[in-house]
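Residue strings, one per chain:
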Amino acid sequence: MNKELNPFEIAQRQLDTAAEVLKLDPAMHAFLRQPLRELHVTLPVKMDDGTVKVFQGFRVQYNDARGPCKGGIRFHPQETVDTVRALAAWMTWKCAIMDLPLGGAKGGVICNPKEMSRSELERLSRAYIRQVGRILGPHTDVPAPDVYTDAQIMAWMMDEFSVMRGHNVPGMITGKPLCLGGSCGRSDATARGGMYAVRETAKVLGIDLKGKTAAIQGYGNAGMFAHQLGQELLGLKVVAVSDSKGGIYNEQGRDPDAVAAHKGKTGSVVSFPGAKNITNADLLTLDVTVLFPAALENQITAHNAADVKATIQAELANGPTTPEADEILYKNGVFVIPDFLCNGGGVTVSYFEQVQNAYNYYWPIEEVYQKLDEKMTTAFHSMHEIAQAYKVKNRVAAYLVAVSRVAEAVRMRGWV
Ligand code: GLU
């Protein structure tokens, strides 16, 4: 992998910038640059045709000074341990800026779920838990969905873990179906939290978002709900959306339910009736008010950042922007809502799910929305105030808030 695009090296460089501003103690800096521990597993899985395929999986527990580790599990053909390390670091900063009493972790399996049957995916999910389950639990490390994993996969994982322990353990994982201890509002929480952050941004920038345009890269859990909620909560006109196969554009916007149904039927948003096909590269440089990168890492780089015309870049994906691109966006006055703040709504409602599991008492959806709004709004302004005071990029400001909180917990524990 090109060194400049290695997500873990990017995460470390971002931390280095914050460490310099904070004048972080060198030992603390060295400690926060590395994961606490990681487990690499080899998973033999019986495929439907009777053969056995061997998969590689990881769980990286980055830091648990503030509480049990927390973070999703990704199933992706291009997964690497460095990607998982970066995502685990970002989870640490995400839980800290959202002020959740949790640390950060991430899991991953190198596989292509698009080429696997549901029963093969079930056997892979259970095999992953049989190996990684030994370091998971409600008080140690709690996974959740991420790219190409969903509520059904969480249900299989929770079931496998419960069988291993001999009793029901709903709090070992979040993003579960409602019937198994999931939380109301978890499915669209990432996108909803992002909308609250965009709403606060519009307030500080003095923009009225009603009728303004937006483009969304990625049509997974975050992107799909962003399409719907961008219209519903902010009155945005979503003129372009895309997925891994390409994108579509229509200046009037298109109905999110119809686009989702088209993707359900054909496997992609591409060729949606009444819209023009565009590429993912075209989408990122459209002249829109809000750009939502909601796909994968390294989408906005030194090569295309100068062409981004959006006023606000709301990062629903993890790691979509490289440090070189960050500089260019800042110089050009693009207001970036950095990933680990913008997409922090997902883990926030995961945390609410854990709390409800521990209580064995469940909240109505209005309560989830209200508590999520409070958390997002507070986190946004904690970043914004620091960005103003220190005159630094929003991403640096978010790091300053998050790293100080984690460092304080590490110090108070007497680790460094
Ligand atoms: N995978 C999501 C993220 O990157 C959610 C993590 C969680 O809910 O624990 O934030």
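Located above this text is the structure these notes cover.
Just so we're clear, the structure is a prediction, and the values are computed from it rather than from any experiment. (Residues numbered from 1 in each chain as written. Predicted model: local features only at pLDDT ≥ 70, side-chain atom pairs only at ≥ 80, totals over all residues. Heavy atoms only, no water.)

A.B. asks: I tried to follow the environment of valine 147 on my own but got confused; where do I start?
C.D. replies: Relative to the helices and strands, valine 147 resides in the loop between strand 6 (141-142) and helix 5 (151-165). In this structure the C-alpha to C-alpha distance between valine 147 and methionine 116, which are 31 residues apart in sequence, comes to 15 Å. (Helix = DSSP H or I, 4+ residues; strand = E, 2+ residues; numbered from the N terminus.)

A.B. asks: Is there a simple way to explain the pairing of strand 11 (residues 290-293) in this structure?
C.D. replies: Neither face of strand 11 is exposed, since Val290 and Phe292 on one face and Leu291 and Pro293 on the opposite face are all buried. Where strand 7 (residues 213-217) and strand 11 come together, 4 bridges link them in parallel fashion. Each residue of the ladder has a partner; that of alanine 215, found in strand 11, is leucine 291. Sheet topology places strand 11 next to strand 12 (residues 312-314); 2 bridges connect them, and they run parallel. The partner of valine 290 across the bridge, within strand 12, is isoleucine 312. (Buried < 20%, exposed > 50% of the residue type's maximum accessible area, 1.4 Å probe, protein only. Pairing = 2+ DSSP bridges.)

A.B. asks: What is the right way to read empty space enclosed by the protein from this model?
C.D. replies: Taking a probe equal in size to a water molecule and rolling it over the atoms shows the remaining empty space. Scanning the model with the defined rule gives 1 cavity of 30 Å³ or more in all. Space inside the largest cavity adds up to approximately 60 Å³. His227, Val238, Val239, Ala240, Val241, Ile248, Tyr249, Asn250, Gly253, Arg254, Val259 and Ala275 together form the lining of the largest cavity. Ranked by residues supplied to the lining of the largest cavity, first place goes to strand 8 (residues 237-243) with 4 residues. Each residue belonging to the lining of the largest cavity can be placed in one class, and the counts come to 8 nonpolar, 3 polar and 1 charged. (1 Å grid on protein atoms, 1.4 Å probe; cavity = no way out; pocket = protein on both sides within 12 Å on 5 of 7 lines; lining within 4 Å. Points joined across faces, edges and corners; volume = space filled by probe spheres on them. Nonpolar A, V, L, I, M, F, W, Y, C, P; charged D, E, K, R; others polar.)

A.B. asks: Can you walk me through the packing of helix 3 (residues 81-97) against helix 14 (residues 394-413) in this structure?
C.D. replies: When two helices pack together, their arrangement is captured by the angle between the axes and the distance separating the axes. Packing of helix 3 against helix 14 leaves a shortest axis separation of 8 Å and a crossing angle of 90°. Between helix 3 and helix 14, the crossing angle belongs to the class labelled roughly perpendicular. Residue-level inspection shows Trp90, Thr92, Trp93, Ala96 and Ile97 of helix 3 in contact with helix 14, the latter providing Ala398, Tyr399, Val401, Ala402, Val403, Arg405 and Val406. Taken together, the residues of the contact of helix 3 with helix 14 break down into 10 nonpolar, 1 polar and 1 charged. (Axes fitted to C-alpha atoms, helices over the stretch in contact; angles between N-to-C directions. Parallel < 35°, antiparallel > 145°, perpendicular 65-115°, else oblique. Contact = heavy atoms within 4.5 Å.)

A.B. asks: Help me understand the pattern of salt bridges in this model?
C.D. replies: Under the definition given, this model contains 27 salt bridges. Arginine 130 is paired through a salt bridge with glutamate 160; the nearest N and O atoms lie 3.3 Å apart. You can see arginine 130 sitting in helix 4 (residues 118-132) and its partner glutamate 160 sitting in helix 5, a full 30 residues away along the chain. The exposure class assigned to glutamate 160 is buried, which follows from its relative accessible area of 11%. We note a salt bridge from arginine 199 to glutamate 200, for which the minimum N-O separation is 2.9 Å. Looking at arginine 199, the relative accessible area reads 24%, which means it is partly exposed. In this structure glutamate 200 comes out as buried when scored by relative accessible area, which is 4%. (Salt bridge = Lys/Arg side-chain N within 4 Å of Asp/Glu carboxyl O.)

A.B. asks: Looking at this structure, I do not really get a nonpolar patch on the surface. What am I missing?
C.D. replies: On the surface, a cluster of nonpolar side chains totalling about 230 Å² of accessible area is made up of Leu36, Trp415 and Val416. Following the sequence through the fold, tryptophan 415 ends up in the segment after helix 14. (Patch = residues over 30% accessible without salt bridge, like charges linked within 9 Å, V, L, I, M, F, W, Y side chains within 5 Å. Areas by Shrake-Rupley, 256 points an atom, 1.4 Å probe, with all protein chains shown as cover.)

A.B. asks: So what exactly am I meant to see when it comes to helix 6 (residues 189-205) here?
C.D. replies: It helps to recall that an α-helix has 3.6 residues per turn; residues three or four apart then point in one direction. For helix 6, spanning 17 residues, the distance from its first C-alpha to its last is 24 Å, which sits close to the expected 24 Å at 1.5 Å a residue. Along helix 6, 13 of the 17 residues are buried, which leaves the element largely enclosed by surrounding structure. Taken from the residues just after helix 6, glycine 206 is the one with a positive phi, measuring 70°. (Expected span 1.5 Å × (residues − 1).)

A.B. asks: Looking at this structure, how should I read the site of the ligand?
C.D. replies: As a structural note, the neighbourhood of the ligand is formed by 14 residues, with Lys70, Lys94, Pro145, Asp146 and Ser350 the closest of them. Contacts to the ligand include aspartate 146, whose side-chain N or O atom sits 2.7 Å from a nitrogen atom. Contact with the protein chains hides 95% of the accessible area of the ligand, taken as 290 Å² for the molecule alone. At the level of secondary structure, the elements contributing two or more residues to the shell around the ligand comprise helix 3 and helix 12 (345-359). The leading source of residues in the shell around the ligand is helix 12, at 3 residues. (Near = heavy atom within 4 Å. Polar contact = N/O pair within 3.5 Å; in protein donor to acceptor, adjacent residues only side chain to side chain.)

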